[in-house]
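# Reading the structure
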Amino acid sequence: MVSDEGTGAGTAAGAGQGRAGGRTDRKLLRAAKILAAAEEILREGDGALEMSQVAGKAGVSVGLAYHYFGSKAGMLGAIIDAFYDRYNHVVNQYIDPDIAWRVRERQRLMAAVEFLYNDPMAPVILGRMARTSHVAAVESARHEEMIEMAIRNIASGIRRGDIGAHIDPAIAGAAISGAIRSGIMHAMGMRPRPDPAKLTHQIWGVIAGALDIER
């Protein structure tokens with residue numbers, strides 16, 4: 001049997017959690033609304049924005065925008081992090097480890113190409129925003145994460161025997177990450193854009209050459 005005191009305490013705690021949860025949900029929704037407005041401004045403009053613009057489009061006060069993100073650089077950093085989180089979700093997706101390394105990784109490359117072709121923020125973040133000093137550090141740090149993942153992936157291929165032991169994972173990882181980035185960025189700026197399958201085929205040729213494996 002539960003005492004009345006115990007029941008009352010539990011009810012009060014539950015109500016408090018409900019109110020706190022509701023406040024948290026509202027904060028998240030407002031923050032998402034502000035970021036969506038900022039992304040729209042960046043896509044429609046030249047990769048620059050002002051907090052007053054964002055606040056006006058989101059229908060909130062400038063002070064609230066600063067409250068959530070601290071500064072313009074903080075807001076842009078949040079946009080970049082969200083983009084790379086989406087990208088990481090795609091390129092780190094589970095693929096059957098029993099598939100040959102080169103087959104598996106070509107599939108992963110194709111998924112990356114399709115993501116970057118289709119994500120509306122990719123041309124902005126990898127293009128115009130990448131050239132601005134106040135976001136370069138954030139973007140550079142996330143690119144370093146990509147290189148580290150490539151190094152670990154290549155090392156895994158060497159351990160499996162799919163890549164020769166003469167390959168240095170660190171050198172190959174940095175070179176391949178740069179090639180993928182540059183190749184896709186250039187392709188996204190072309191009109192018309194190359195077919196995704198064709199672009200994947202060409203970039204994979206660079207990767208295969210760097211790793212000294214069959215295409």
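Everything below is about the structure printed above this text.
Our subject in this report is the structure included herewith. Just so it is clear, the model here is predicted, and its values are computed rather than measured. (Residues numbered from 1 in each chain as written. Predicted model: local features only at pLDDT ≥ 70, side-chain atom pairs only at ≥ 80, totals over all residues. Heavy atoms only, no water.)

Before going further, it helps to spend a moment on the environment of F115. Here F115 is to be found in helix α5 (residues 101-118). Distance in space between the C-alpha atoms of F115 and V90 is 7.4 Å, their sequence separation being 25 residues. Those residues within four positions of F115 in sequence are excluded, and the remaining contacts are F83, R86, Y87 and V90. (Helix = DSSP H or I, 4+ residues; strand = E, 2+ residues; numbered from the N terminus. Contact = heavy atoms within 4.5 Å.)

With that settled, consider the side chain of S177. Among the secondary structure elements, S177 is positioned in helix α8 (residues 169-188). A relative accessible area of 9% means that S177 is categorised as buried. S177 has contacts with H143, M146, I147 and A150, leaving out every residue within four places of it along the chain. (Buried < 20%, exposed > 50% of the residue type's maximum accessible area, 1.4 Å probe, protein only.)

Attention now goes to the nonpolar core. M75, F83, L116 and L211 are the most contacted members of the largest nonpolar core, which totals 56 residues. For this core, the element with the most residues is helix α4 (residues 72-91), which contributes nine residues. Filtering out sequence-adjacent residues up to four positions away, F83 remains in contact with F115, L116, D119, M121, A122, I125 and L126. (Core = buried A, V, L, I, M, F, W, Y, C linked by side-chain atoms within 4.5 Å.)

Here we take up the pattern of salt bridges. A complete count under the given rule lists 11 salt bridges for this structure. The shortest N-O distance in the salt bridge between R104 and E105 comes to 2.6 Å. For R104, a relative accessible area of 7% translates into the label buried. Overall, E105 belongs to the buried group, its relative accessible area being 6%. (Salt bridge = Lys/Arg side-chain N within 4 Å of Asp/Glu carboxyl O.)

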